[in-house]
Amino acid sequence: MQKFSWVIIKLRVLIIIFVILITGLLIFSLKGLKINPDIISYLPKTDNDVKLFDYIGEEYKGNSLAMVAIESDDIFDLETIKSINILTNKFKVLPGVSYVTSLTNVLDIKKLEDGFEIGKLIDEFNLPKNPEDIKNLKQYTLSKDMYRGRIVSENSTATLIVCRLNDNVDKVDTARKIKQLVQEEGLKQKVYYGGIPFQMIDINKIITSDLILLVPLIILLIIVSLLFAFRSFRGVVLPILTVVIANIWTLGIMSALGIPLTVISNLIPIILIAVGSAYSIHVIHLFKEKVKDENNKINQSIEALSNIAIPVLLTGVTTMGGFLAFVFGSYLTMIREFGIFSCLGVFFSLFLSITFIPALLTFFPVRKKQIKEKENASFFINMMDLIGSFILKRERLIIFIGLILVIIGIIGIPSVKRRVDMLDYFKPGSSIRLTEELLEKKFGGSIPIQVIVEGDILDPEVLNEMKGMEDFLTTLDDVHNPQSIVELIEEMNDMMGEGKKIPDSRMKVDNLWFLIEGEDILEQLVNDDKSEALIQATITNVDTERMKYLVGQIDEYVKSHNSSVVTFSQTGMPLIYQNLDNSIMKSQLQSLIIAICLIFICLLLMNKSIKRALVGLIPIGFTLVIILGFMGFTKIPLDIATVLVGSISIGIGIDYSIHFMNRFKEERKRYPNELHALDKTLETTGKAIIINVITVTLGFLILLFANLIPLRRFGILIAITMISSGIGAITLLPAAILIITKNGTKNNQSPKVKRITEDEEITEDEEIEVSVLK
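Remember, predicted model here, so these are calculated numbers, not experimental data. (Residues numbered from 1 in each chain as written. Predicted model: local features only at pLDDT ≥ 70, side-chain atom pairs only at ≥ 80, totals over all residues. Heavy atoms only, no water.)

Focus: the overall build of the protein chain
And step 1. Scanning the protein chain from N- to C-terminus turns up 25 helices and 12 strands.
And step 2. When the backbone C-alpha atoms are referred to their principal axes, the protein chain occupies close to 120 × 50 × 45 Å.
And step 3. Across the 774 residues that make up the protein chain, the buried fraction comes to 58%.
And step 4. Taking contacts inside the protein chain between residues at least 6 apart in sequence as the whole, the part at least 24 apart equals 80%.
And step 5. Roughly 32300 Å² of accessible area belongs to the protein chain as shown, and the carbon and sulfur atoms make up 59% of that amount.
And step 6. Measuring between centres, the 79 positive side-chain charges of the protein chain sit 13 Å from its 86 negative side-chain charges. (Helix = DSSP H or I, 4+ residues; strand = E, 2+ residues; numbered from the N terminus. Buried < 20%, exposed > 50% of the residue type's maximum accessible area, 1.4 Å probe, protein only. Contact = heavy atoms within 4.5 Å. Areas by Shrake-Rupley, 256 points an atom, 1.4 Å probe, with all protein chains shown as cover. Lys, Arg positive; Asp, Glu negative; His and termini not counted. Charge placed at Lys NZ, Arg CZ, Asp CG, Glu CD.)

Spelled out as structure tokens, the structure:
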């Protein structure tokens, strides 16, 4: 790296100008950065279940429901009915809304003396005018299964206005306009907003507020920790400058490419601030150690960069590998985008740390106190002395303690559960949770489950098979309100005096169909040529295992009842959640394997020894077991955020091992005694590791202030990762090196182990105390 370092230092002015120009260019691109909170839009378009889900949205007027729930002591009130009617009419003409269902426009089949009448439950031009009308309306509505528990609660304390949104519209913007219309109406009753479109609004706000709050907080904490560690302007400003520029470049490119921030990729700025600072910290620390002569600053800078460039490059590559692992096997495209742009951001941080930062450092004067260290050791040197003294004498005890912790972690791993519950992402008491609780309690939930039926829909045999499917769905706990064209056919047949059942002949069905044909609701239930129909139901918010069970039960029914006459196909959010759940485990295993293999190759290239490469993996193996065990004991589930932890932990955590082993390799060339080399490594690189652990840990703990629960969990887990991998690197790693190295045995001739022998020549440049470990 000597030639590379020479080029960087010689071209330092051009490098600084280049970075300033690129940064200025990409800053203007940031204003176009958008947020896309629509998780549905990130489903893989190649997945057959997603294709069917999308097909339903296109064929049946959309599958996104924006629900406005109105709650009062009794919704059958003159003013409430009037407000519902006004809102229904406003919603119907709102661009992006394909259909609205409410008390004032829902289809009604009413029996008359000489037959029946098909119309609306409430005539919007002739609303109830007195208490008697209201009483009769209430009694009639609650007497019919078509309405009770579906559009009005059984106790008449809540009702729904359901807006079905087109697939090709901005759902967030449409939902926001719906909400605005409700607020303009000034309802006195309690109003709740349910369904994915309204959840998107909240997620959009959460992402924005989290970035505004968390990014300044994490920068402030890192400044404090760097100020404590370096006590210098350059030690604080340069790492912060690195991550700020890396963020501008990364987010600027995302904006230029039209890639929006998501509930996952909004982590990128925080990750880059916490992780990207590590590279510049190691560079600054080594420059502080090596560059001591103002007159020879350029040559010493070249030497310092030559020494640190390789380990920084290796740590950057392994971290990038951890993020790139998400590109393969991830079910959601937003996780792939997260992996790609996190990797790009790490690359920018790495590039800046070994080019821009050394270039800037050459313009800083050498600090006088760096020319000759005082006799009193710093806080970090004293701390590393204590750690080194303990490790170099009790390496077997350290390994034993590590094994005990690993065993405890292994015990907790089987308790780790997977979860794809969207409601779990939000804090208890949040508006989204309160709405979902209301919808579950009074309307059977809001998560849609759908079954496509293929066949001659007007054939009584097919209709009876559909009726059988609906009856089966009602037997499943947590599945509610199945409905299809069957209910309308049965209702009309009952009005004809033949009972609430499917007619026994095709002719009778055709006659009933003739009476209802042309009604708007049919577009949501049957296709144009009547060769396909849709059965819809809702499911309450259940845990992942229960949802998988329900999906499995429906699949079994489908397989046993499909025939040449009728074919069922299941789709809807529960099936997609199941696919997402399955992909979480697949993605976890696949990304871990890719990350570990890549890191092992890097360690092998660096050490040229399989044994030492395997030893370098010890802190990572230790960290993974601790993390997974902690998740098991604390009931933190694997979800779309925490599934990222494993590979990120490997990619980030291995940095410490690489820096430690690289420095030990260099010190081993200087000192024949393993103990001396390890002690010097602990004193120098060990200090940088401690600084980095503190900085990154504090950075990720800031996520505890995030509004989304998975991001809080992610912050806790990454913080624990940093602590455990850092401790592993400065305790387990040197202990393992001592045990497996032939020359690493303790000197039995003396109870005291010297850092170096007292008669050994010491130069000022080495800056090593002549002391004895106690």
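Looking at unusual backbone geometry
And step 1. Phi angles above zero are rare outside glycine, and Asn481 is one such case at about 55°.
And step 2. With respect to the helices and strands, Asn481 occurs in strand S8 (residues 479-483).
And step 3. You will see that Lys530, though not glycine, has its phi angle at about 60°, which is positive.
And step 4. On the secondary structure map, Lys530 appears in the loop between helix H18 (506-516) and strand S9 (532-539).

Digging into the packing of helix H22 (residues 618-634) against helix H23 (residues 645-670)
And step 1. For the pair H22 and H23, interaxial distance at closest approach is 9 Å and the crossing angle is 145°. For the pair H22 and H23, the crossing hand works out as right-handed. Two secondary-structure elements touch here, H22 through Pro619, Ile620, Leu624 and Ile627 and H23 through Val645, Gly646, Ser649, Ile650, Gly653, Ile654 and Ser657.
And step 2. Partitioning the contact of H22 with H23 into residue classes produces seven nonpolar, four polar and no charged. (Axes fitted to C-alpha atoms, helices over the stretch in contact; angles between N-to-C directions. Left-handed = near helix turned anticlockwise from the far one by under 90°. Nonpolar A, V, L, I, M, F, W, Y, C, P; charged D, E, K, R; others polar.)

Observations concerning the side chain of Glu71
And step 1. One can find Glu71 in strand S1 (residues 64-71).
And step 2. At a separation of 2.9 Å, a polar atom in the side chain of Glu71 contacts the side chain of Tyr192. (Polar contact = N/O pair within 3.5 Å; in protein donor to acceptor, adjacent residues only side chain to side chain.)

Side note on a negative patch on the surface
And step 1. The grouping of Glu58, Glu59, Asp528 and Asp529 at the surface amounts to a negative patch.
And step 2. In this fold, Asp528 is placed in the loop between H18 and S9. (Patch = residues over 30% accessible without salt bridge, like charges linked within 9 Å, V, L, I, M, F, W, Y side chains within 5 Å. Salt bridge = Lys/Arg side-chain N within 4 Å of Asp/Glu carboxyl O.)

Some details on the nonpolar core
And step 1. Within the largest apolar cluster, 236 residues are counted, with the highest numbers of intra-cluster contacts made by Phe91, Ile178, Phe338, Ile485, Leu644, Ile648 and Phe714.
And step 2. The residues contacting Leu644, other than those within four sequence positions of it, are Ile264, Leu267, Phe326, Ile335, Phe338 and Phe714.
And step 3. Met67, Val162, Leu438 and Phe443 belong to the second largest nonpolar core, which has nine residues in total. (Core = buried A, V, L, I, M, F, W, Y, C linked by side-chain atoms within 4.5 Å.)

Brief notes about the packing of aromatic side chains
And step 1. In the structure shown here, the tally under the stated rule is eight aromatic pairs.
And step 2. Seen from their ring centres, Trp249 and Phe348 are 5.2 Å apart, and the 85° between their planes marks the pair as edge-to-face. Of the two residues, Trp249 sits in helix H8 (residues 233-256) while Phe348 sits in helix H11 (residues 333-354), which places them 99 residues apart along the sequence. Note on accessibility: Trp249 and Phe348 belong to one class, buried. (Phe/Tyr/Trp six-rings, centres within 6.5 Å; stacked < 30°, edge-to-face > 60°.)

Some words on H22
And step 1. Taking 1.5 Å per residue as the helical rise, H22 with its 17 residues ought to reach 24 Å, and the 24 Å between its terminal C-alpha atoms agrees with that figure.
And step 2. Elements in contact with the buried residues of H22: helix H14 (395-412), helix H20 (573-607), helix H21 (610-616), H23 and helix H25 (709-740).
And step 3. Following H22 by one or two positions, Lys635 has its phi on the positive side, about 65°. (Expected span 1.5 Å × (residues − 1).)

As for the packing of helix H10 (residues 297-324) against H11
And step 1. Where H10 meets H11, the closest approach of the two axes is 8 Å, and the angle between their N-to-C directions is 175°. By the angle class used here, H10 and H11 are roughly antiparallel. From H10, Leu305, Val312, Leu313, Gly316, Thr319, Met320, Phe323 and Leu324 reach across to H11, where they touch Phe338, Gly339, Ser342, Cys343, Val346, Phe347, Leu350 and Ile354.
And step 2. Class assignment of the residues belonging to the contact of H10 with H11 gives a composition of 12 nonpolar, four polar and no charged. (Parallel < 35°, antiparallel > 145°, perpendicular 65-115°, else oblique.)

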